[in-house]
Amino acid sequence: MAEFPGMKTVRIQDRAARVYRGDLCVVGSGAAGLSAALEAVGLGQSVVLVDAAPGLGGQAVGAALGTICGLFRNGALPRRLTHGAMDDLYETLFAQGDAALRRVRGTFILDYVPNAWMRWAERRIAEAGITPLPGAIVRRVERRDGYVEALSLATRFGDARVEAGRFVDASGDAVLPWLAGLKLRESEKPVLGSVMAILEDVDTGLCAGYPRSLYHDLIREHAAEFGLVRAEGPVFVLPRTSKLLLNLTHVETPLETAGLALAGIEGRRQVDALLTLFRRELPEAFRDARVAVYGNAGIRQTRTIKGRRHVTVEDVATGVRPPDAIARTTWPIELHGEMDGAHWTLFDEDHVHYIPFGAMLPEGLDNVAVAGRCIDAEPAALASLRVMGPCFAMGRAAATAAWLNASGSLHQTDIAALQDAVADNLNRDTTDPWAGEAVSETGPEAEGAGA
């Protein structure tokens with residue numbers, strides 16, 4: 001075969017798997033994974049960050065969530081419960097004018113501009129020297145005697161391999177225990193996802209005066225005509241923009257590639273139908289509106305591990321602090337099991353509930369901790385723990401445990417030492433000086449919430 005100047009012939013057989021090494025490998029770059037990676041670097045660890053999506057940031061970016069839930073105590077003031085990497089994100093977003101607080105359902109939500117989150121995450125990953133591997137799908141888990149030694153990955157550039165002493169599974173799907181052959185849990189009842197969207201060229205001044213019930217009543221009245229299924233959900237202005245974020249869709253999110261793709265298509269159809277409805281019925285505000293961003297299908301729950309501890313609804317409702325608590329939240333139980341809306345269980349001002357470290361430890365793996373929505377919990381209990389505030393706290397705890405226990409089983413972690421290292425996530429309530437001035441107390445933002 002003739003060769004051409006400046007070119008060479010290559011074959012797949014010539015390409016060995018590229019090897020990446022670190023003290024810690026984190027799978028998933030959403031709230032929990034990003035927190036784990038940044039906290040680990042802060043503790044002097046080298047980190048490889050793996051994500052199946054083509055970009056970094058998880059659903060906070062890909063699903064255009066625009067809201068951080070579960071950060072605050074209930075009550076009249078925004079007293080923040082989660083610290084660590086969240087401190088930097090929180091302060092950065094407010095300093096840039098890319099965040100605002102809303103008082104909802106007796107607590108607070110932080111609204112943020114998704115692009116601002118994305119750029120913060122990318123900058124911090126690069127500055128920290130984390131090795132990012134987006135677009136990398138875990139194909140095989142190599143383990144020996146209960147210890148994961150390496151992950152085999154598929155990427156668009158060929159096979160890759162990650163070797164590490166410790167692993168944090170923040171995939172949301174418990175992918176490492178799953179591929180390691182462990183028994184996992186799945187909800188017997190459906191847990192619905194959402195496709196969120198950001199609208200631009202909206203008269204947000206007018207929208208600020210609309211009660212949220214206006215949108216909900218319109219959907220109920222015209223649902224059959226437009227093929228709409230969810231009657232209630234958040235509609236709010238993104239900070240420092242003339243854009244509106246819609247969270248008014250519901251879709252099934254099956255554990256199957258084609259089905260999930262079709263769910264995303266159906267969710268975006270619902271977004272288009274909502275925009276058409278609002279243009280017709282609320283022309284003064286929506287006449288020139290168009291979709292700026294369609295989010296990916298947002299997934300609330302898939303697989304969860306069988307851990308050393310199982311979080312129940314009673315654990316959440318009573319707020320009893322377990323001996324191995326590593327994080328806390330007051331977020332309501334937010335069940336998305338019906339197409340027309342969500343069921344909420346709210347808690348009083350003094351309530352707080354906890355996440356035990358044992359719920360993050362999969363039985364059968366000694367050097368893996370999970371963080372995020374795949375911890376061991378009943379579906380209804382998980383509905384209050386899977387939001388981003390506690391996910392940041394879980395990521396911090398997982399990275400800290402890996403650092404404290406550099407050899408041996410994570411199941412033997414010194415809980416007292418771990419709790420001491422993450423004590424501010426268990427004991428500290430922070431009223432940030434700039435937060436109170438940014439709280440929205442009136443208008444549609446004060447009526448409801450949801451992720």
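Here the structure is a predicted model, which means the values were calculated and not measured.

Rules behind the numbers
- Residues numbered from 1 in each chain as written.
- Predicted model: local features only at pLDDT ≥ 70, side-chain atom pairs only at ≥ 80, totals over all residues.
- Heavy atoms only, no water.
- Helix = DSSP H or I, 4+ residues; strand = E, 2+ residues; numbered from the N terminus.
- Rg over C-alpha atoms; globule rule 2.2 N^0.38 Å.
- Buried < 20%, exposed > 50% of the residue type's maximum accessible area, 1.4 Å probe, protein only.
- Contact = heavy atoms within 4.5 Å.
- Areas by Shrake-Rupley, 256 points an atom, 1.4 Å probe, with all protein chains shown as cover.
- Lys, Arg positive; Asp, Glu negative; His and termini not counted.
- Charge placed at Lys NZ, Arg CZ, Asp CG, Glu CD.
- Pairing = 2+ DSSP bridges.
- Right-handed = clockwise from strand over helix to strand, strands pointing away.
- Axes fitted to C-alpha atoms, helices over the stretch in contact; angles between N-to-C directions.
- Salt bridge = Lys/Arg side-chain N within 4 Å of Asp/Glu carboxyl O.
- 1 Å grid on protein atoms, 1.4 Å probe; cavity = no way out; pocket = protein on both sides within 12 Å on 5 of 7 lines; lining within 4 Å.
- Points joined across faces, edges and corners; volume = space filled by probe spheres on them.
- Nonpolar A, V, L, I, M, F, W, Y, C, P; charged D, E, K, R; others polar.
- Phe/Tyr/Trp six-rings, centres within 6.5 Å; stacked < 30°, edge-to-face > 60°.
- Polar contact = N/O pair within 3.5 Å; in protein donor to acceptor, adjacent residues only side chain to side chain.

### Quick look at the overall build of the protein chain
Each helix and strand in the protein chain was counted, giving 14 helices and 21 strands. Its C-alpha atoms give the protein chain a radius of gyration of 22 Å, within 12% of the compact-globule value 22 Å for 451 residues. Of all 451 residues assigned to the protein chain, the portion counted as buried reaches 56%. Within the protein chain, contacts between residues at least 6 apart in sequence are counted, and of these 74% link residues at least 24 apart. Accessible surface computed for the protein chain: about 18600 Å², of which carbon and sulfur atoms make up 50%. For the protein chain, the distance from the average position of its 46 positive side-chain charges to the average position of its 57 negative side-chain charges is 5 Å.

### Considerations on the pairing of strand β2 (residues 47–51)
Of all five residues in β2, five are buried; the element is thus mostly enclosed. Here β2 shows no split at all, with Val 47, Leu 49 and Asp 51 on one side and Val 48 and Val 50 on the other all buried. Across four bridges, the pairing between strand β1 (residues 18–27) and β2 is parallel. If you follow Leu 24 over to β2, its bridge partner there is Val 47. A crossover links β1 with its parallel partner β2, the connecting element being helix α1 (residues 31–42), and its sense is right-handed. Bridging between β2 and strand β6 (residues 131–134) involves four bridges; their strand directions are parallel. Bridging from a neighbouring strand, Val 48 pairs with Thr 131 of β6.

### Things to note about the sheet that holds strand β14 (residues 290–298)
Remark on secondary structure: sheet strands pair via backbone hydrogen bonds, oriented parallel or antiparallel. Across the sheet, four strands lie side by side as β12-β13-β11-β14; this open sheet has antiparallel pairing. What marks the edges here is a single partner per strand, and that holds for β12 (235–237) and β14. Within this sheet the neighbouring strands show an average axis-to-axis angle of 20°, counted without direction. Two strands pair when backbone bridges link them, and strand β11 (residues 194–200) and strand β13 (residues 244–246) are joined in this way by three bridges, in the antiparallel orientation. Looking at β13, one finds that Ile 198 is bridged to Leu 245.

### Section: the pattern of salt bridges
What the rule picks out here adds up to 27 salt bridges. Arg 269 serves as the salt-bridge partner of Glu 266, at 2.9 Å between the closest nitrogen and oxygen. Pair noted here: Glu 266 and Arg 269 are both in helix α8 (residues 257–281), with a separation of three residues, about one helical turn. Accessibility expressed as a relative area gives 32% for Arg 269, which makes it partly exposed. Across the salt bridge formed by Arg 309 and Asp 324, the nearest N and O atoms sit 3.5 Å from each other. Remark: Asp 324 occurs in the loop between α10 (313–318) and β16 (325–329) and Arg 309 occurs in the loop between β15 (303–304) and α10; sequence separation between them is 15 residues.

### A few points about empty space enclosed by the protein
Considering all chains together, one arrives at two cavities of 30 Å³ or more under this definition. The wall of the largest cavity is formed by Val 191, Arg 300, Gln 301, Glu 334, Leu 335, His 336, Pro 379, Ala 383 and Arg 386. Top contributing element to the lining of the largest cavity by residue count: strand β17 (residues 333–338), with three residues. Among the residues making up the lining of the largest cavity, the classes are represented as four nonpolar, two polar and three charged.

### A short note on the pairing of strand β8 (residues 147–155)
Judged from the seven bridges that link them, strand β7 (residues 137–144) and β8 form a sheet pairing that is antiparallel. Bridging from a neighbouring strand, Arg 140 pairs with Ser 152 of β8. Following β7, the chain reverses through two residues before pairing antiparallel with β8; Asp 145 in that reversal takes a positive phi of roughly 50°. Judged from the six bridges that link them, β8 and strand β9 (residues 158–169) form a sheet pairing that is antiparallel. Note on β9: the bridge partner recorded for Ala 150 is Glu 163.

### Structural notes on the packing of aromatic side chains
Two aromatic rings, taken as a pair, are described by how far apart their centres are and by the angle between their planes. Inspection of the entire model under this criterion finds 11 aromatic pairs. Ring geometry for Tyr 112 against Trp 117: centres 5.3 Å apart, planes inclined by 35°, an arrangement best described as tilted. The exposure classification of Tyr 112 matches that of Trp 117, with both residues buried. Summarising the aromatic geometry, the rings of Tyr 215 and Phe 286 are spaced 6.3 Å apart at their centres and angled 90° between planes, so their arrangement reads as edge-to-face. Note that Tyr 215 is positioned in helix α7 (residues 212–226) and Phe 286 in helix α9 (residues 283–286), a separation of 71 residues in sequence. This pair shows no difference in class: Tyr 215 is buried, exactly as Phe 286 is.

### A few points about the side chain of Thr 413
Inspection of the secondary structure puts Thr 413 in the loop between α12 (388–404) and α13 (415–421). Residue Thr 413 is classed as buried on the basis of its relative accessible area, which comes to 9%. A distance of 2.6 Å separates the side chain of Thr 413 from the backbone oxygen of Leu 410, its partner in a polar contact. Every residue in contact with Thr 413, bar those within four places of it in the chain, is listed here: Phe 357, Ala 401, Asn 405 and Leu 418.

### Some thoughts on helix α3 (residues 85–95)
Regarding α3, the residues found buried are Ala 85, Met 86, Leu 89, Tyr 90, Thr 92, Leu 93 and Phe 94. Following α3 by one or two positions, Gly 97 adopts a phi angle in the positive range, close to 75°.

### Re the environment of Val 202
Position of Val 202 relative to the elements: it lies in the loop between β11 and α6 (204–208). The spatial distance from the C-alpha of Val 202 to the C-alpha of Ala 406 is 53 Å, given a sequence separation of 204 residues.

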